[in-house]
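Each chain, written out:
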Amino acid sequence: MSNEQLLQSVNRQVANWTVLYVKLHNYHWYVKGPHFFTLHAKFEELYDEAGLVVDEFAERMLALGGKPVGTMKECLELSSIEEASGKEKEEEMVRTLKDDFSKIADEIQQGIELAQEIDDEGTADMLLAVKKNLRKHIWMFTAYLGD
């Protein structure tokens, strides 16, 4: 396993979290319905968290000698998740986020394994902390949806 594979994995997360950051703003601005107050506040909390995660991942990449993606075009090309369509209803927003967070958590697990293989405990710990938060959010989304 190489440092380059780990950098690629973390860079995908920079892209994912950048797309997620914009998607969460879209949802925050355009949510409508009986759960407006709850979801409007939750989406703001999540985009604040996403902004911190993007910065943490990008700075970790730079510390490891990598170059994080820095444009929306690059992020959309590299991301595993899609941007918002702008037409989602409130339940669809939550379901989409649950699916996105699940996909990201699985990819982060792969990154953790790559980091562990090259004895990069700092990156592994950073990824594990983010994965832990994602799992908590997935549980909450699942409860909200009644799944």
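Whatever comes next refers back to the structure up there.
Described in the following lines is the structure provided in the data block. (Residues numbered from 1 in each chain as written. Predicted model: local features only at pLDDT ≥ 70, side-chain atom pairs only at ≥ 80, totals over all residues. Heavy atoms only, no water.)

**Notes on the pattern of salt bridges**
Turning to step 1, where the next piece is worked out: Applying the stated rule across the entire model yields 8 salt bridges.
Turning to step 2, where the next piece is worked out: Put simply, D120 and R60 hold a salt bridge, and the shortest N to O gap is 2.8 Å. Placement of D120 in the loop between α4 (90–117) and α5 (121–145) and of R60 in helix α2 (residues 36–63) is noted, with a sequence separation of 60 residues between them.
Turning to step 3, where the next piece is worked out: When its relative accessible area of 10% is taken as the criterion, D120 is described as buried.
Turning to step 4, where the next piece is worked out: Taking the relative accessible area as the measure of exposure, R60 reaches 24% and is therefore partly exposed.
Turning to step 5, where the next piece is worked out: When the shortest N-O distance is used, the salt bridge between K73 and E77 registers 3.8 Å. One end of the pair is K73 and the other is E77, both in helix α3 (residues 72–78) and 4 residues apart, which spans about a single turn. The exposure classification of K73 matches that of E77, with both residues exposed. (Salt bridge = Lys/Arg side-chain N within 4 Å of Asp/Glu carboxyl O. Helix = DSSP H or I, 4+ residues; strand = E, 2+ residues; numbered from the N terminus. Buried < 20%, exposed > 50% of the residue type's maximum accessible area, 1.4 Å probe, protein only.)

**Re the environment of K136**
Turning to step 1, where the next piece is worked out: The residue K136 is located in helix α5 in this model.
Turning to step 2, where the next piece is worked out: Relative accessible area serves as the criterion here: at 43%, K136 is assigned to the partly exposed category.
Turning to step 3, where the next piece is worked out: Considered as a pair, K136 and F101 are 35 residues apart in the sequence and their alpha carbons are 10.0 Å apart.

None of the figures reported here should be taken as evidence of function without further support.
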